[in-house]
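What follows is the residue order along each chain.
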Amino acid sequence: MTGTSETRQAGGRDRDTDGRARNARPRDGLGRPLPYGADGVERQPEGVVRDPEETVAEAQALLDAGRPFHAHEVFEDAWKSGPQNERGLWRGLAQLAVGLTHAARGNTTGGARLLRRGAGAVDEWTSGTGRPRPYDLDLFELTIWARKLADIVERDGGRVDATASAPRLRGRGA
């Protein structure tokens, strides 16, 4: 195990130290569960409140490392803890990261659908707020990236390389 606060209960569900159900199985870099006792990658802690700059930096580092599932968890924390008027943005970004995760796992249908759903959510948020570059995020480029990758995933099938296919959240120069 990776040193989390999760424990395996005899004959029951995995629980965290507060008694909440949590899967204590180690995970690979794409978030897939591994057998108990296997070496997995460090998991993202849940419920971390970060400012938007920290969220974007942490998510980009995880995307660059080929860990889009873990980047999704960072976006999910922002979605759940951020201001109400930004939840659609962070939810859309989480969907993009999960879409890349599914595409990297070889789930063609799920990957393409989530990439397009995330792009649509980001477009909707941008249209509703008039903010195309919040926190220096290049939302226009991100939606283009997502739709192109969805087309590639559907056309070619198979797995994509999560690291090589990862987006630049702040555009080409960031």
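Residues numbered from 1 in each chain as written. Predicted model: local features only at pLDDT ≥ 70, side-chain atom pairs only at ≥ 80, totals over all residues. Heavy atoms only, no water.

1. Examining helix 2 (residues 68–81)
Keep this limit in mind: For the purposes of this entry, the term helix denotes a DSSP run of H or I that reaches at least four residues, the term strand denotes a run of E that reaches at least two, and both are numbered from the N terminus. One fewer than the residue count of a helix, multiplied by 1.5 Å, yields its expected span. Any residue under 20% of the maximum accessible area for its type is buried, any over 50% is exposed, and the rest in between are partly exposed; the area is computed with a 1.4 Å probe on protein chains only. Whether two residues are in contact is decided by their heavy atoms, any of which lying within 4.5 Å being enough.
Over its 14 residues, helix 2 runs 20 Å from end to end, which matches the ideal 20 Å to within 8%, given 1.5 Å per residue. Across the 14 residues of helix 2, 10 count as buried, placing the element largely inside the fold. Looking only at helix 2, the buried set comprises Pro68, Phe69, His70, Ala71, His72, Glu73, Val74, Phe75, Asp77 and Ala78. Contacts made by the buried residues of helix 2 are with helix 1 (52–64), helix 3 (87–105) and helix 6 (162–165).

2. Topic: the packing of helix 2 against helix 3
Let me state the cut-off plainly: Comment: axis = line fitted to C-alpha atoms, over the contacting stretch for helices; angle = value between 0 and 180 degrees taken between N-to-C directions. Just so you know how the angles are binned, under 35 degrees is roughly parallel, over 145 roughly antiparallel, 65 to 115 roughly perpendicular, and the rest oblique. The handedness criterion is simple: a crossing whose near helix is rotated anticlockwise from the far helix by less than a right angle is left-handed, and one whose near helix is rotated clockwise is right-handed. Charged residues are taken to be Asp, Glu, Lys and Arg, nonpolar residues to be Ala, Val, Leu, Ile, Met, Phe, Trp, Tyr, Cys and Pro, and polar residues to be all remaining types, Gly included.
Taken N-terminus to C-terminus, the directions of helix 2 and helix 3 make an angle of 165°; their axes are 8 Å apart at the nearest point. Relative to helix 3, helix 2 is oriented roughly antiparallel. Note that helix 2 runs across helix 3; the crossing there is left-handed. For the pair formed by helix 2 and helix 3, the contact residues are Pro68, Phe69, Ala71, His72, Phe75, Glu76, Ala78, Trp79 and Lys80 on the first element and Arg87, Trp90, Arg91, Leu93, Ala94, Ala97, Val98, Leu100, Thr101 and Arg105 on the second. Taken together, the residues of the contact of helix 2 with helix 3 break down into 12 nonpolar, two polar and five charged.

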